[in-house]
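# Tertiary structure, described
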Amino acid sequence: MSLKIVGTGKGIPARSVTNQELSDFLDTSDEWIVSRTGIKSRNICSHETLSDLSAAAARQALEKSHLLANEIDLIICSTIEGDFRTPSLACCLSHDLGTMCPAFDVNAGCTGFIYALEVASSFLAAKKANNILIVCAEMMSTHMDWTDRNTCVLFGDGAAACVVTNGNALKYLDLSVTANPAVLNIPSGTGNNPFVSKPRENGFVNMRGQDVFKFAVGAVETGLKQALHALNVSTEQIDLFLLHQANKRIVDSIRTKLQQPEEKFPINIERYGNLSSASIPLLLFELLEENKIKSGDTLFMSAFGAGLTTGNCVMVWE
């Protein structure tokens, strides 16, 4: 595999919404939310667009990569839905950055970052690109039923970006789907089509929380076991586990099963909530900013999302 990450960035809305603010109009409390999810606040777009967040993250990643926008050969955006159904968020970002390279979106739910890495790796291996910009951006607030305390307290808005190029950091990557759309979905509507027998309005996030919890724990365990076997390494040789930030209880359950120390499982869900595909790259950005990742560190990244999709990869940081 031919890939390394040379720069990262983030784009976060200005408005932070605490659990206390949610309890002002929901039958919930800070204690209820924290005890079940680990989330204390999340950022919600009040005036920003998803393109705004994406551009902010992209520009920071480019700056840290010491690259200009016109040196990017491909833009991949991971998102459930951009500012428009079409054009893609990647095309909107291309407009903001002033690039003319190919640009497209991928939608793998919360697993989108790992899927985007696989696409980028393929383009690099085929020598169809040298510098690739990946931006994961989600405005989950637009997909929430803000009267449903079981879902709306979980998610936030945000974007994270990375620039990837040729390198030897990526040692393993595996993608899979356990098809079961009913467990986690966002229904789409039929518009005002007069020929539809049963019209549907656009829906909100539907999630079977316990099913997602069980699937997530099992998917990460299985994915790690397969990765360790493929690379002939042990769990102890993984320096950091960067898991999708869906729920602190999921992370804690996985860590307990693996019998690994807490410091190897960094989290930021308490400040951001579940950012879908932006979750892992945002965590990666913050760890790099805090100098908690050094050259030679072995990172295991694992995500799970609607589909149900899974993605696991191992990098030795360059």
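Refer to the structure presented above.
These notes cover the structure that comes with them. Since we're looking at a predicted model, the values are computed, not measured. (Residues numbered from 1 in each chain as written. Predicted model: local features only at pLDDT ≥ 70, side-chain atom pairs only at ≥ 80, totals over all residues. Heavy atoms only, no water.)

### Section: the sheet that holds strand β8 (residues 170-177)
Operational definition: Two strands make a pair as long as DSSP finds a minimum of two bridges between them. Secondary structure is summarised from DSSP: a helix means a run of H or I of at least four residues, a strand means a run of E of at least two, and numbering begins at the N terminus for each. Interaxial angle, 0 to 180 degrees, is taken between N-to-C directions of lines fitted to C-alpha atoms, where a helix line uses only the stretch in contact. Whether two residues are in contact is decided by their heavy atoms: any pair within 4.5 Å suffices.
Spatially, β8-β13-β12-β11 is the arrangement adopted by the four strands of the open sheet, whose pairing is mixed. Two strands close off the open sheet at either side, each with one partner strand: β8 and β11 (240-243). Across the sheet, the axes of successive neighbouring strands diverge by a mean angle of 10°, strand direction being ignored. Where strand β12 (residues 298-305) meets strand β13 (residues 309-316), eight bridges bridge the pair, whose relative direction is antiparallel. Residue pairing across strands places L299 opposite M315, the latter belonging to β13. Contacts from helix α6 (residues 209-231) reach β8, β11, β12 and β13, with the element oriented near 145° to β12.

### Notes on the sheet that holds strand β5 (residues 103-106)
Taken together, the five strands give an open sheet; going across it, the order is β1-β7-β6-β4-β5, and neighbouring strands pair in mixed fashion. On the outer flanks of this sheet lie β1 (4-11) and β5, each paired with one strand and no other. Put simply, the sheet's adjacent strands are angled 20° from each other on average, direction ignored. Two elements, strand β4 (residues 74-78) and β5, share four bridges in a ladder whose sense is parallel. Bridge pairing in β5 links S78 to V106. Against the sheet, helix α3 (residues 50-65) touches β1, β6 (131-139) and β7 (157-165), its axis set at about 140° to β1. This element, helix α4 (residues 89-97), spans β4, β5 and β6 of the sheet and lies at about 130° to β4.

### Concerning the packing of α3 against α4
The cut-off we apply is this: For this classification, under 35 degrees means roughly parallel, over 145 means roughly antiparallel, 65 to 115 means roughly perpendicular, and everything else is oblique. A clockwise turn of the near helix away from the far one marks a right-handed crossing, whereas an anticlockwise turn of less than a right angle marks a left-handed crossing. As a working rule, the residues Ala, Val, Leu, Ile, Met, Phe, Trp, Tyr, Cys and Pro are called nonpolar, Asp, Glu, Lys and Arg charged, and the rest polar, with Gly in that last group.
Where α3 meets α4, the axes come as close as 9 Å, and the angle between the chain directions of the two elements is 60°. The pairing of α3 with α4 is recorded here as oblique in orientation. Of the two elements, α3 crosses α4, and the hand of that crossing is right-handed. Contact residues: L50, S51, S54, A55, A58, R59 and L62 in α3; L89, C92, L93, D96 and L97 in α4. For the contact of α3 with α4, the residue count by class is eight nonpolar, two polar and two charged.

### Comments concerning the pattern of salt bridges
To keep things clear, this is the line we draw: The term salt bridge refers to a pairing of a side-chain nitrogen on Lys or Arg with a carboxyl oxygen on Asp or Glu at a separation within 4 Å.
Following the criterion strictly, the structure yields eleven salt bridges and no others. Ionic pairing is found between E318 and K4, a salt bridge with its closest N-O pair at 4.0 Å. Of this pair, E318 sits in the segment after β13 while K4 sits in strand β1, and the two are 314 residues apart along the sequence. The closest approach of N and O atoms between K294 and D297, which form a salt bridge, is 3.1 Å. Taken together, the shared-partner salt bridges connect K248, D252 and R255 into one network.

### Some remarks on the side chain of T111
What counts is decided by this rule: Within 3.5 Å is the distance limit for a polar contact, defined as a pair of N or O atoms, with the added protein rule that one can donate a hydrogen and the other accept it, and that residues adjacent in sequence qualify only through two side-chain atoms.
Assignment of secondary structure puts T111 in the loop between β5 and α5 (112-125). In terms of polar contacts, T111 uses its side chain to reach the backbone amide nitrogen of G305, at 3.3 Å. Leaving out residues up to four positions away in the same chain, T111 has contacts with A303, F304, G305, T309, T310 and G311.

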